[in-house]
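As a plain string of letters, each chain reads:
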Amino acid sequence: MDMLLNPLNRWRRLRDDIPVMPGAFPLVGHLPAIVCDLPRLLRRAERTLGSHFWLDFGPAGHLMTCLDPDALALLRHKEVSSALIEEMAPDILGGTLVTLDGSAHRQARDGIKAAFLPRGLTEAGIGELFEPIIRAQVKAWRDRGEVAILPDTRNLMLKLTFSLMGIPAQDLSEWHRKYRQLLQLMVAPPIDLPGMPLRRGRAARDWIDAQSRQFIRDARARAARTGLINDMVSAFDCSDGALSDDVLVANIRLLLLAGHETSASTIAWMVIELAQHPELWDALVEEAQRVGAVPTGHEDLAQCPVAEALFRETLRMHPASSLVPRRAMQELQLGQRRIPAGTHLCIPLLHFSTSPLLHEAPDQFRLGRWLQRTEPIRPVDMLQFGAGPHVCMGYHLVWLELVQFSIALALTMQEAGVRPRLMSGVEKGRRYYPTAHPSMTVRIGFS
Ligand code: HEM
């Protein structure tokens, strides 16, 4: 087999009458193919097994994966639970709102969501806060002339996220260190010994949580700290029902995590696409010159339709969250199948985002599909952010930062008479799970 599948495991089996994809390895199941080659794995499974099949996620067990567009309705289904996410990543996502259901979820989300709506972002001056950081980063790229794009966009996103949180400048290097250790929890083997990633990652999580508790105390004491945490704490304290500070602490951790890798990957893909499509770069430069400055408020975004189309089309072609796990609480009808209660489900956003059933010529990077549309954006047009009660809270923030980034990039490079150019291949080294991203080694030149 040419994919990362186990050649010794070729037999077709059924679980609950649904075929299991052959090729799983002991312990890690299909994870090597899911991480490195998800689109081909899904296509092969669809061709050989049909629209419903089991994939083996190694330690997380088997998830029934459904390629029928009916699967998208699961995101809004009352009898479908997100608690499986906590079981799959207990150390990193435990207690966060992405793992909660029903009223517990609503209460936690209601307590903090206002800060992430356009009004909350505008009142907190997030656009003004981000603009100089983004400008400095793209100027540094222009001066360096060539960059490994993903490591640099990850750095940029970390700077933006920490500034959003109002983390004081003198603490940034310690936060960077702890944050990197926290991320290791995503891939840490389950060995809890001194010096191992699991032990270090848990210690980093406890450190970050302790800092967040201090932030919350400071915000309540009206200490002179700015940032979204202050706004979240006030909104949280005003919300109905008494939630413990543990909920707030866990969700500050979630916010640090949720926006970092996803946005960094999207910005990296955006630059790669611009480097591959000179005509798109020209259209973006024309728009940037017309608006003349990096927008800072949501009301300014309407003046940047090319940058907005670039944001939407990049996410459509390269959705950073490729798969969403859920659990069926009751027996469900899914496409042509009955799914027993308790089934672990995988909703492959990546598949739908690039499906010919939902998009014309889905493999082509076309800004026209957004620029020429006359109807408003529908939930299916932004399915890369999920849907239903758990739809991404960072949507308006990402929209703002990606438009700011693309206009800043176009203005800065145009002033210097340079444009992005792809200096290496892009197919090798892409990853699709847990977050999808281009290879760490893709290089972009500015000349
Ligand atoms: C391109 C960037 C992003 C993508 C593709 C993305 C994608 C997603 C998706 C697919 C979900 C739904 C998960 C589920 O249903 O289980 C989600 C949830 C969430 N996202 Fe994002 N996200 C992005 C950026 C951000 C940012 C910047 C933030 C905030 C700083 C953020 C905060 C959240 C939160 C808090 C949730 C959980 C919402 C809930 O459970 O109610 N995301 N995101």
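Residues numbered from 1 in each chain as written. Predicted model: local features only at pLDDT ≥ 70, side-chain atom pairs only at ≥ 80, totals over all residues. Heavy atoms only, no water.

A. Expanded view of the packing of helix α7 (residues 149–165) against helix α11 (residues 245–258). Interhelical geometry of α7 versus α11 gives an angle of 150 degrees and a closest axis separation of 10 Å. Looking at the two axes, α7 sits roughly antiparallel to α11. Crossing of α7 against α11: the hand is right-handed. Each of Thr-161, Phe-162 and Met-165 in α7 lies in contact with α11, whose residues at this interface are Ile-252, Leu-255 and Leu-256. Split into classes, the residues belonging to the contact of α7 with α11 amount to five nonpolar, one polar and no charged. (Axes fitted to C-alpha atoms, helices over the stretch in contact; angles between N-to-C directions. Helix = DSSP H or I, 4+ residues; strand = E, 2+ residues; numbered from the N terminus. Parallel < 35°, antiparallel > 145°, perpendicular 65-115°, else oblique. Left-handed = near helix turned anticlockwise from the far one by under 90°. Contact = heavy atoms within 4.5 Å. Nonpolar A, V, L, I, M, F, W, Y, C, P; charged D, E, K, R; others polar.)

B. A look at the site of the ligand. Looking at the ligand, there are 28 residues lining it, with His-105, Arg-109, Arg-326, His-390 and Cys-392 nearest. Take Arg-326: an N or O atom from its side chain is 2.7 Å from an oxygen atom of the ligand. Take His-390: an N or O atom from its side chain is 2.6 Å from an oxygen atom of the ligand. Of all the elements in the fold, those that place two or more residues in the shell around the ligand are α4 (102–112), α11, α12 (260–276), β7 (324–328) and α17 (395–415). Of the residues assigned to the shell around the ligand, the class counts are 16 nonpolar, 10 polar and two charged. (Near = heavy atom within 4 Å. Polar contact = N/O pair within 3.5 Å; in protein donor to acceptor, adjacent residues only side chain to side chain.)

C. Here's a closer look at the UniProt feature "binding site: heme" (unreviewed entry) in the chain. When the UniProt feature table is mapped to this numbering, "binding site: heme" (unreviewed entry) covers Cys-392. Mapped onto the elements of the fold, Cys-392 is located in the loop between α16 (368–371) and α17. You can call Cys-392 partly exposed: its relative accessible area is 31%. With residues up to four places along the chain from it excluded, the contact list for Cys-392 reads Arg-109 and Phe-385. (UniProt positions renumbered as here; feature names shortened; annotations may be inferred. Buried < 20%, exposed > 50% of the residue type's maximum accessible area, 1.4 Å probe, protein only.)

D. Geometry of the pairing of strand β12 (residues 443–446). Examined bridge by bridge, strand β6 (residues 146–148) and β12 share three bridges and lie antiparallel to one another. Across the sheet, Val-147 pairs through a bridge with Ile-444, a residue of β12. (Pairing = 2+ DSSP bridges.)

E. Molecular detail of helix α1 (residues 31–49). Taking 1.5 Å of rise per residue, 19 residues should cover 27 Å, yet α1 covers just 18 Å from first to last C-alpha, more than 12% shy of that figure. The sharpest bend along α1 reaches about 120 degrees and sits at Asp-37, with the proline Pro-39 one to four residues further on. Taken as a whole, α1 has its buried residues at Leu-31, Ala-33, Ile-34, Asp-37, Leu-38, Leu-41, Leu-42, Arg-44, Ala-45 and Leu-49. Where α1 is buried, its residues contact β2 (18–20), β3 (52–56), β4 (62–66) and α15 (349–353). Directly beyond the C-terminal end of α1, a positive phi value near 100 degrees is found at Gly-50. (Expected span 1.5 Å × (residues − 1). Bend = angle between axes of the 7 residues up to and from the residue.)

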